[in-house]
Amino acid sequence: MGEISAKGRAEDSAYDVAVIGYGPTGVTAANLLGGMGLKVVVLERDAEVFSRARAISTDEEVVRIWQRIGLADRLKQDMLAERALDFVDARGRTFLSAHPTPRGHGHPPQMFIYQPALEQVLRDGVDRHPNVEVLLRHECLRVVQDGEGVELTVLSTADDSVRRLRASYVIAADGGSSLTRAQLNVGYEGRTYEDRWVVVDTEMLKPWPDHDRLRFRCDPARPAVDCPTPLGHHRWEFPVLPGDDEKHLTTDDAIYAMVSRYGISRDSIKILRATVYSHHVRFAARFRVGRVFLAGDAAHAMPPWIGQGMAAGVRDVANLCWKLDAVLRGELPEAVLDSYEAERKPHVKEVTRRAVFVGRIITERRRSVTGVRDSVLPVLSRVPGFANWMQDANWIPVAHYADGLQAGPRTRATGHQIPQPWVTGPDGDRVRLDDVLGGRWLLLHSGLPVPQPEWDRSGVPSLTMTPAGCRPAEGTVVDRDGVLLPWLAEHRVTTLAVRPDAYVYAAAPAGAQLPGPPAGFAPTSRPATNSAQ
């Protein structure tokens, strides 16, 4: 892409949104906002995609977000899916094994990634949008807000020139050491764990048995993460133990010695890079300061044990971008932007709590405790459903917002994201549900629709869900997999008001009226977006 993207050099003009940082969070935001037609500028300090693979997995809800930008199927070509997850003891015996449980988002529940390749696909996706300017080798030095927008002082590291840009809003996705967060005087509260870890990325030269299984090697002598990554790569992570020399531990000799314990020889792998890092549990005191929003690691940091650091950032911007779009178009009042933190922060904290718990299982080094763990968990894992319960209780929590942009009175469906099965659309094509919903406000009905005057006056379209076997028709979606109608029955509702991100804003039982739209709701007429994924 070069130092400045092919979209050309930006003039000193006003943008709808400025995105600071072009990692997974920032590039997802650029794709989302670009697809909405907003005028966007992206500022990134580095010249190229960061070469070190940091994240190693993602989940179905995140791929569902990438489906919204039309890139899910392309991204999945470079992922490994449907791999088992094993916790093994010091002798290599599995004491707990599980397969991630599908949550109904329409994609495999867990997929291993090679982050540099993933980011490149996402960046290539941004090139589809001429309304997005990407300025590489540009660092944001200062943000100053006023009543109309934000002024950004930007340094070009290519020629040391300084320029000023204006944007209505800013998404700061500039990492855990966010300069933007520091300028805003927002505290980054939490702790850094004393243990430091060596992360080793390798190219696989010669496969070994079960190389494509994720193993948490819970050896009290030296725990390890042994993880397959796609495109011929493999990842190991090892703790730096008391008395270790960090510099030595990142040498090829030390790494080959550590992996040899698992039968990996020098001719099986090529070491690409080894880096030492610390685990953090941190949360920004605020996710919003006026017109500036913190996202991804700039807003929160968590240990890597359940693979949710990158995913959390992608969820952040998926929650935020459609709200920014609605405010900029005058469809919703600016106050709805406060719901970003209200919805995202509790979920991030719960995910982080679970990551810390799983990390304790993996890294426990007290032999009295590991002995009990290694003997009791195998017995419990033979109990039907225990492994799945253990994973559901301590892995990624179900997407649900207890507060935020939702109508009262609440129902069992309010604040949940609806599942995404394959359906038959009005034109008779087999498609994923979100491609019919089209990223817009929508009413969904089961059975005969009940008139909803407040929503109808706002021009919000409706779809009726019909059972499998029904003929496609205008204004209907056929629940061919038998997922949507049972979901509504389970939640004891027959009518939903669904937000553009497929979360339930309001719901009503049979024959009842929905709560009204949000205050100040004035949707503009726009066609459904179709990602064709």
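Going by the structure above, here's the rest.
Residues numbered from 1 in each chain as written. Predicted model: local features only at pLDDT ≥ 70, side-chain atom pairs only at ≥ 80, totals over all residues. Heavy atoms only, no water.

Bringing helix H10 (residues 367-381) into the picture now. For an α-helix the count is 3.6 residues per turn, leaving residues at separations of three or four pointing the same way. For H10, which comprises 15 residues, the first-to-last C-alpha distance of 21 Å matches the rise-based estimate of 21 Å (1.5 Å per residue) to within 8%. Every buried residue belonging to H10 is among Thr370, Arg373, Asp374, Leu377 and Pro378, and all of these are buried. Buried residues along H10 cover an arc of 105° about the axis, so they all sit on one side. (Helix = DSSP H or I, 4+ residues; strand = E, 2+ residues; numbered from the N terminus. Expected span 1.5 Å × (residues − 1). Buried < 20%, exposed > 50% of the residue type's maximum accessible area, 1.4 Å probe, protein only. Arc of directions from axis to C-beta.)

Cis geometry marks the peptide bond from Gly408 to Pro409; its omega dihedral reads 0°. Structurally, Pro409 is set in the loop between helix H11 (386-394) and strand S20 (422-424). A positive phi angle, close to 65°, is found at Asp160, a residue other than glycine. With respect to the element layout, Asp160 can be found in the loop between strand S10 (150-156) and strand S11 (162-172).

Applying the stated criterion to the full structure yields 14 aromatic pairs. Summarising the aromatic geometry, the rings of Phe287 and Tyr340 are spaced 6.0 Å apart at their centres and angled 50° between planes, so their arrangement reads as tilted. Here the residue Phe287 occupies a position in the loop between strand S16 (269-284) and strand S17 (288-289), and Tyr340 occupies one in helix H9 (residues 339-363), the gap between them amounting to 53 residues. The residues Phe287 and Tyr340 share a single accessibility class, namely buried. Pairing Trp322 with Trp441 gives two aromatic rings, centres 6.0 Å apart and planes at 75°, and the pair type is edge-to-face. Of the two residues, Trp322 sits in helix H8 (residues 309-328) while Trp441 sits in the loop between helix H12 (433-437) and strand S22 (442-446), which places them 119 residues apart along the sequence. Like Trp322, the residue Trp441 is buried in the burial classification. An aromatic cluster is defined as three or more aromatic residues linked by ring pairs; in this entry it consists of Trp322, Trp441, Trp455, Tyr505 and Phe521. The ring of Tyr169 has Arg291 sitting right over it, with the charged end atom 4.9 Å from the ring centre. Against the face of Trp422 rests Arg430, its NZ or CZ located 3.9 Å from the ring centre. (Phe/Tyr/Trp six-rings, centres within 6.5 Å; stacked < 30°, edge-to-face > 60°. Lys NZ or Arg CZ within 6 Å of the ring centre and 35° of its normal.)

The subject of this paragraph is the side chain of Glu60. With respect to the helices and strands, the residue Glu60 is situated in helix H2 (residues 60-68). Dropping the residues within four chain positions of it, Glu60 is found in contact with Thr101, Pro102, Arg103, Gly104, His105, Gly106, His107, Pro108, Pro109 and Met111. (Contact = heavy atoms within 4.5 Å.)

Another point: the nonpolar core. It is characteristic of soluble globular proteins that their nonpolar side chains tend to be buried jointly. Counting residues in each nonpolar core, the largest one holds 87 residues, and the members touching the most others are Leu43, Trp66, Leu152, Ile171 and Trp455. Excluding residues within four positions of it along the chain, Trp66 makes contact with Thr28, Thr58, Leu71, Ala72, Leu75, Met79, Leu118, Leu122, Met310 and Val314. Counting residues in each nonpolar core, the second largest holds 28 residues, with Phe95, Ala312, Ala355 and Val356 among its members. (Core = buried A, V, L, I, M, F, W, Y, C linked by side-chain atoms within 4.5 Å.)

Let us now look at a nonpolar patch on the surface. A cluster of nonpolar residues, Val372, Val376, Leu380 and Val383, forms a patch on the protein surface that exposes about 300 Å² of accessible area. Along the chain, Val376 turns up in helix H10. The class for Val376 is partly exposed, based on a relative accessible area of 38%. (Patch = residues over 30% accessible without salt bridge, like charges linked within 9 Å, V, L, I, M, F, W, Y side chains within 5 Å. Areas by Shrake-Rupley, 256 points an atom, 1.4 Å probe, with all protein chains shown as cover. Salt bridge = Lys/Arg side-chain N within 4 Å of Asp/Glu carboxyl O.)

Okay, the environment of Val126 next. Mapping Val126 onto the fold places it in helix H4 (residues 115-126). With 141 residues separating them in the primary sequence, Val126 and Asp267 have C-alpha atoms 39 Å apart.

Positionally, Gly428 belongs in the loop between S20 and strand S21 (430-432). Residues Gly428 and Arg471 lie 43 residues apart in sequence; the distance between their C-alpha atoms is 8.0 Å.

Here we take up the sheet that holds strand S4 (residues 80-81). The strand order across the open sheet built from three strands is S3-S7-S4, with neighbouring strands paired in antiparallel fashion. Only two strands of the sheet have a single partner each, and these edge strands are strand S3 (57-59) and S4. Taken together, the two bridges between S4 and strand S7 (residues 110-112) define a ladder with antiparallel strand orientation. Residue pairing in the sheet places Ala81 in a bridge with Met111 of S7. (Pairing = 2+ DSSP bridges.)

This structure, assessed with the given rule, holds 31 salt bridges. Among the ionic pairs, Arg74 bridges to Asp78, the shortest N-O distance being 3.0 Å. Classification of Arg74 by relative accessible area gives partly exposed; the value is 34%. The closest approach of N and O atoms between Asp146 and Arg166, which form a salt bridge, is 3.2 Å. With Asp146 in the loop between strand S9 (138-145) and S10 and Arg166 in strand S11, the pair connects residues that are 20 residues apart, well separated along the chain. Taken together, the salt bridges that share partners define one network made up of Lys323, Glu343, Arg499 and Asp501.

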